[in-house]
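Take a look at the letters that make up each chain.
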Amino acid sequence: MENLEELKKLLNTPQDVVILTHRNPDGDAVGSSLGLSLFLQKNGHNVKIVAPSDYPDFLSWMPQANDIVIYDHDPEEVEYIVKRATLIFCLDFNSLDRIDKAGELVEDARCPKVMIDHHLFPEPFADFVLSETTASSTCELVYDFIHMLGQEDYLDQMIGECLFTGILTDTGSFKYSNSPKLFRTVANLLEMGVDDLRLQDLIFNSMNEKQLRILGHCLYNRLEILPEYQTGIITLTKEDYSFFDIKRGDTEGVVNFLLKLRNVKLAAFIHEQPKIVKLSLRSKGDIDVQEMAKRNFRGGGHKNAAGGASFHSLAVTVRRFKEILEENKEQLQS
């Protein structure tokens, strides 16, 4: 991070800090935000966390999660919070359009801004940037950031649980984005008292009956395998959402089940929303879904995990996705 000493000086005096993370916050977004917030509070700062939309229920156990201010619920409160901030942290996103209308508030804010993120192609809106695309998660980078400040002694079990949550979810329980450095970080978190079995249970074994039935519906009724492209597709319609009363988080992780198939290299979950069609893409090996999402569906993410959106109908979007498969047939068959 450039200008780290300047940021250290800022943090030497109490600040009114706002931490923002992206729409539809996942385990890494919530974990990094809460972990950093708890650390900053220990340093005497006043901290507020803002997210554009609600986080999924399986993260509700996390410390101070109930204090997160949701823009969709209270835009006036968010505007007040951001306008009085003396320092803004942007976590797990690197372009202001990822926080929707709150991005305009951040852009207009006169206070210093800090970006901590691991996605490709960061936009130059922050004064201080910690961007590392090889990192497993933003939570890993928050851990690094605390060490950069020379304040690793402030790390404790509660902060560690938040950071471990983001690492677990963004690596899919250490299936991808791993490194020797990451495992050294995880070992340190465990030595702080983080109970990895307890967190695995809270995060991955918290489905309710409705969510399990939705998963069954997806796999039995909405699954299409395209062996010629080594690709699997799951689609959900607006009628599906209405019939099952699907809420935020109910389809979390559905796309990952496709990658359990031996001969599937590319997985797509394409689901119809009231105004747009969303896509969640996952891949194995050298299949770059980030580039696919960016080029065709106004999205982005990581090489093996990305998302995007389409303003066409579900049928047209699926047809376009299959055309993209044909365009990349040689790579998918290799």
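Rules behind the numbers
Residues numbered from 1 in each chain as written. Predicted model: local features only at pLDDT ≥ 70, side-chain atom pairs only at ≥ 80, totals over all residues. Heavy atoms only, no water. Helix = DSSP H or I, 4+ residues; strand = E, 2+ residues; numbered from the N terminus. Expected span 1.5 Å × (residues − 1). Buried < 20%, exposed > 50% of the residue type's maximum accessible area, 1.4 Å probe, protein only. Contact = heavy atoms within 4.5 Å. Axes fitted to C-alpha atoms, helices over the stretch in contact; angles between N-to-C directions. Left-handed = near helix turned anticlockwise from the far one by under 90°. Nonpolar A, V, L, I, M, F, W, Y, C, P; charged D, E, K, R; others polar. Phe/Tyr/Trp six-rings, centres within 6.5 Å; stacked < 30°, edge-to-face > 60°. Lys NZ or Arg CZ within 6 Å of the ring centre and 35° of its normal. Pairing = 2+ DSSP bridges.

A. Layout of helix 2 (residues 27–42). Its 16 residues place the ends of helix 2 22 Å apart at the C-alpha level, agreeing with the 22 Å of an ideal helix rising 1.5 Å per residue. Among the 16 residues in helix 2, 14 count as buried, and that is most of the element. Positive backbone phi, approximately 90°, marks G44, located one or two places after helix 2.

B. Molecular detail of the environment of Y71. Relative to the elements of secondary structure, Y71 occurs in the loop between strand 3 (69–70) and helix 3 (75–83). Classification of Y71 by relative accessible area gives buried; the value is 18%. Between the C-alpha atom of Y71 and that of D54, which follows or precedes it by 17 residues, the distance is 8.7 Å. Setting aside residues up to four positions removed in sequence, Y71 forms contacts with A51, P52, V78, K101, A102 and L105.

C. Inspection of the packing of helix 6 (residues 157–170) against helix 7 (residues 180–191) at higher detail. Here helix 6 crosses helix 7 at 145°, and the two axes come no closer than 10 Å. Considering the relative orientation of helix 6 and helix 7, their crossing is left-handed. Here G160, L163, F164 and I167 of helix 6 lie close against helix 7, whose contacting residues are L182, V186, L189 and L190. Here the residues of the contact of helix 6 with helix 7 are counted per class, giving 7 nonpolar, 1 polar and no charged.

D. Local environment of the packing of aromatic side chains. Scanning all chains against the criterion turns up 6 aromatic pairs. For the ring pair F243 and F244, a centre distance of 5.0 Å and an interplane angle of 85° mean the geometry is edge-to-face. One aromatic cluster is present, built from ring pairs that chain together F164, F174 and F183. The side chain of K260 reaches across the aromatic face of F257, ending 5.7 Å from its centre. Above the face of the F121 ring, K294 is positioned so that its terminal group lies 3.8 Å from the ring centre.

E. Seen up close, the sheet that holds strand 4 (residues 87–91). The 6 strands are arranged 3-2-1-4-5-6 in an open sheet whose pairing can be described as parallel. Two strands bound the open sheet, and with one partner strand each, they are strand 3 and strand 6 (128–131). In terms of strand pairing, strand 1 (residues 16–21) meets strand 2 (residues 46–51) through 5 bridges, oriented parallel. What sits directly across from L20, in strand 2, is V50. The sheet contacts of helix 2 involve strand 1, strand 2 and strand 4, and relative to strand 1 the element is tilted by about 170°.

F. Region of the structure containing the sheet that holds strand 11 (residues 300–301). The 6 strands are arranged 7-8-9-10-12-11 in an open sheet whose pairing can be described as mixed. Pairing within the sheet leaves two strands with one partner each, and these edge strands are strand 7 (223–226) and strand 11. One ladder, built from 2 bridges, connects strand 11 with strand 12 (residues 305–310); its direction is antiparallel. Paired with G300 across the two strands is G307, which belongs to strand 12. Running over the sheet, helix 9 (residues 209–221) touches strand 7 and strand 8 (231–236) and is turned about 125° from strand 8. Against the sheet, helix 11 (residues 289–297) engages strand 9 (266–272), strand 10 (277–283), strand 11 and strand 12, with an angle of about 15° to strand 12.

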